[in-house]
Amino acid sequence: MQTAITLPVAATHTPITAATSKPYQANNLSRPGSIEKYFTWMFIKLRIFYFACIILKRPDKIISTFKTMLRLRNNVWGGDLKKMYKIDGKYYFNQYTPGWPSGAYDLLIKSELRRHASPLTVTEKLSFVFLAITRKCPMRCEHCFEWDNLNQKESFSREDLFKVVDLYQNEGVLQLHFSGGEPMVRFKDLLPLIKYASKKSECWVLTSGFNFTAHNALLLREAGCKGIVVSIDHYIAELHNMFRGNSSAFEQAVNAISNAQQARMVTSVSVCATKQFIDGNHLMPYMDFAKKLGVQFVQVLEPRSVGHYEGKNVLLDEKHIVELELTFKRINHSPAYSDYPTMLYHGYHQRRVGCFSGSRSVYVDSAGDVHACPFCHTKSYNIIELVRGIQKTLPVKENKCPLFEKIA
Ligand code: SF4
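Let me begin by describing the structure that accompanies this report.

### Brief notes about the packing of aromatic side chains
At step 1: Evaluation of the coordinates by the stated rule reveals 21 aromatic pairs.
At step 2: Here Tyr 50 and Phe 51 contribute two aromatic rings whose centre-to-centre distance is 5.7 Å and whose plane-to-plane angle is 45°, an arrangement assigned as tilted.
At step 3: According to the relative accessible area criterion, Phe 51 is buried, its value standing at 6%.
At step 4: In this structure an aromatic cluster arises from ring pairing among Tyr 96, Phe 128, Phe 130, Phe 145, Tyr 363 and Phe 375.

### Here's the deal with the side chain of Ser 231
At step 1: Inspection of the secondary structure assignment puts Ser 231 in strand 6 (residues 225–231).
At step 2: The residues contacting Ser 231, other than those within four sequence positions of it, are Thr 207, Ser 208, His 240, Arg 244, Ala 253 and Ser 270.

### Focus: the environment of Leu 206
At step 1: With respect to the helices, strands and loops of the structure, Leu 206 is situated in strand 5 (residues 202–207).
At step 2: Along the backbone, Leu 206 and Gly 181 are 25 residues apart, and their C-alpha atoms lie at a distance of 9.6 Å.
At step 3: With sequence-adjacent residues up to four places away left out, Leu 206 is seen in contact with Phe 130, His 177, Phe 178, Ser 179, Pro 183 and Val 229.

### So, the pairing of strand 4 (residues 175–179)
Within a regular strand, side chains alternate between the sheet's two faces.
At step 1: With respect to burial, strand 4 is a largely interior element, five of its five residues being buried.
At step 2: Here strand 4 shows no split at all, with Gln 175, His 177 and Ser 179 on one side and Leu 176 and Phe 178 on the other all buried.
At step 3: Examined bridge by bridge, strand 3 (residues 128–132) and strand 4 share five bridges and lie parallel to one another. Looking across to strand 4, one finds that Ala 132 is bridged to Ser 179.
At step 4: Regarding the hand of the β-α-β motif, the stretch spanning strand 3, helix 4 (residues 158–170) and strand 4 is right-handed.
At step 5: Where strand 4 and strand 5 come together, four bridges link them in parallel fashion.

### A short note on the nonpolar core
At step 1: Residues Leu 131, Tyr 168, Phe 178, Phe 212, Leu 220, Ile 232 and Ile 383 are the most contacted members of the largest nonpolar core, which totals 93 residues.
At step 2: In terms of domain composition, this core takes at least three residues from each of domain 1 (30–117) and domain 2 (123–387).
At step 3: In contact with Phe 178, not counting residues within four places along its chain, are Leu 131, Ile 133, Val 165, Pro 183, Leu 190, Leu 193, Ile 194, Ala 197, Cys 203, Trp 204, Val 205 and Leu 206.
At step 4: Counting 16 residues, the second largest nonpolar core, distinct from the first, contains Ile 44, Phe 51, Ile 62 and Met 84.

### Comments concerning the site of the ligand
At step 1: As a matter of local geometry, the ligand sits amid Cys 137, Met 139, Cys 141, His 143, Cys 144, Leu 150, Gly 181 and Arg 244.
At step 2: Split by residue class, the shell around the ligand holds five nonpolar, two polar and one charged.

### What about the side chain of Asn 149?
At step 1: Summarising the element assignment, Asn 149 is placed in the loop between strand 3 and helix 4.
At step 2: Owing to a relative accessible area of 14%, Asn 149 belongs among the buried residues under this scheme.
At step 3: Apart from residues lying up to four places away in sequence, Asn 149 is in contact with Arg 135, Asp 365, Ser 366 and Ala 367.

### Quick notes on the pairing of strand 3
At step 1: In terms of burial, strand 3 is largely enclosed, as five of its five residues are buried.
At step 2: The side-chain alternation of strand 3 yields two buried faces, one formed by Phe 128, Phe 130 and Ala 132 and the other by Val 129 and Leu 131.
At step 3: In this sheet, strand 10 (residues 361–364) lies alongside strand 3 in parallel orientation, the contact comprising four bridges. Each bridged residue has a counterpart across the sheet, and for Val 129 the counterpart in strand 10 is Val 362.

### Structural notes on the pattern of salt bridges
At step 1: Tallying each qualifying case throughout the model produces 19 salt bridges.
At step 2: Ionic pairing is found between Asp 80 and Arg 73, a salt bridge with its closest N-O pair at 3.0 Å.
At step 3: Residue Arg 73 is classed as partly exposed on the basis of its relative accessible area of 22%.
At step 4: Two residues, Asp 160 and Arg 388, come together in a salt bridge whose shortest N-O distance is 2.5 Å. You can see Asp 160 sitting in helix 4 and its partner Arg 388 sitting in the segment after helix 13 (383–387), a full 228 residues away along the chain.
At step 5: The network of salt bridges with shared partners includes Arg 73, Asp 80 and Lys 82.

Conventions adopted
- Residues numbered from 1 in each chain as written.
- Predicted model: local features only at pLDDT ≥ 70, side-chain atom pairs only at ≥ 80, totals over all residues.
- Heavy atoms only, no water.
- Phe/Tyr/Trp six-rings, centres within 6.5 Å; stacked < 30°, edge-to-face > 60°.
- Buried < 20%, exposed > 50% of the residue type's maximum accessible area, 1.4 Å probe, protein only.
- Helix = DSSP H or I, 4+ residues; strand = E, 2+ residues; numbered from the N terminus.
- Contact = heavy atoms within 4.5 Å.
- Pairing = 2+ DSSP bridges.
- Right-handed = clockwise from strand over helix to strand, strands pointing away.
- Core = buried A, V, L, I, M, F, W, Y, C linked by side-chain atoms within 4.5 Å.
- Domains from an automatic or database assignment.
- Near = heavy atom within 4 Å.
- Nonpolar A, V, L, I, M, F, W, Y, C, P; charged D, E, K, R; others polar.
- Salt bridge = Lys/Arg side-chain N within 4 Å of Asp/Glu carboxyl O.

Put into structure tokens, the structure is as follows:
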């Protein structure tokens, strides 16, 4: 068992780059100007209004649903988020929303309109799925939520994975995030899987950076992969490597971002904000680091007592949450930070309007067990039994987050 790492205070620490083989590369090409942003928002709002008229028909219902959706958006982003990125002809506002214009984006809007207008009768159950395609992983992360499944015999055959994609796409899933273990360990299966899945859903890869070479990035992009989320838990190389239990983790992660950017993918970094990380004033230097990397999104996760953290006192205190919320609002809305990546912090909306996990998304772990999300181990069924025909229908039981039971 690894012990928790105590991070030193380093509020003004300069990121260590010597371990990386390439310099950080800002990708400013992806940021539209203010006029383009204004007209893009106008066009999208008109499109939503058009769909609302067709689906909801009654003016009172159109107005009230519109207001509900705007309220929800403000609660998710802590205000009216204006940030957007343009990559390969599509605009991205969130790593969990398909790029626009696309059929997947339109379908998402339609399902959200139906969901808010008549929540009890909506047919769409899910909009995105995290699918852990392998148990293999070269890392040994301090917070690993797959800890008990790691490096055992694979549960999914290649055929199973294709059937799982079919099953969820038939349920209307619009976005698939492939994870693991480390999904790039299973690259030979991942590539055809994305080629297949991307015909109906937007595909992303969640990776530590392992095996994410320039060549593999191009192959993934050609197969239809739109974005990657790379786990980087510290801007100081040695501390990230310690957290991940792998001496080249930082170098691999930074190179993966650069390779994905050159392949014209959307890029995001994900950080587990531990108590020590926040107490050490590492949050803002981390945002500076992410800006230099040129990523579009930074996902800040709160540690949970699952997997390798099970039984440990890792839940954040009130003061940590206050700090995260202040940074979240500052980064996303203050003009001084308009050129910083968008910060995703799920705790903000979870504490106000509830959680989307279970209602919009599920996490299929590498053993096939289906949970509300990677950080809540709330198994409700096993997908392998379904795709192998042992069980016939998708259970209606909803996975719920044990911390935020209210579903948004
Ligand atoms: S958290 Fe992810 S990268 Fe780290 S050991 Fe677990 S599966 Fe591997």
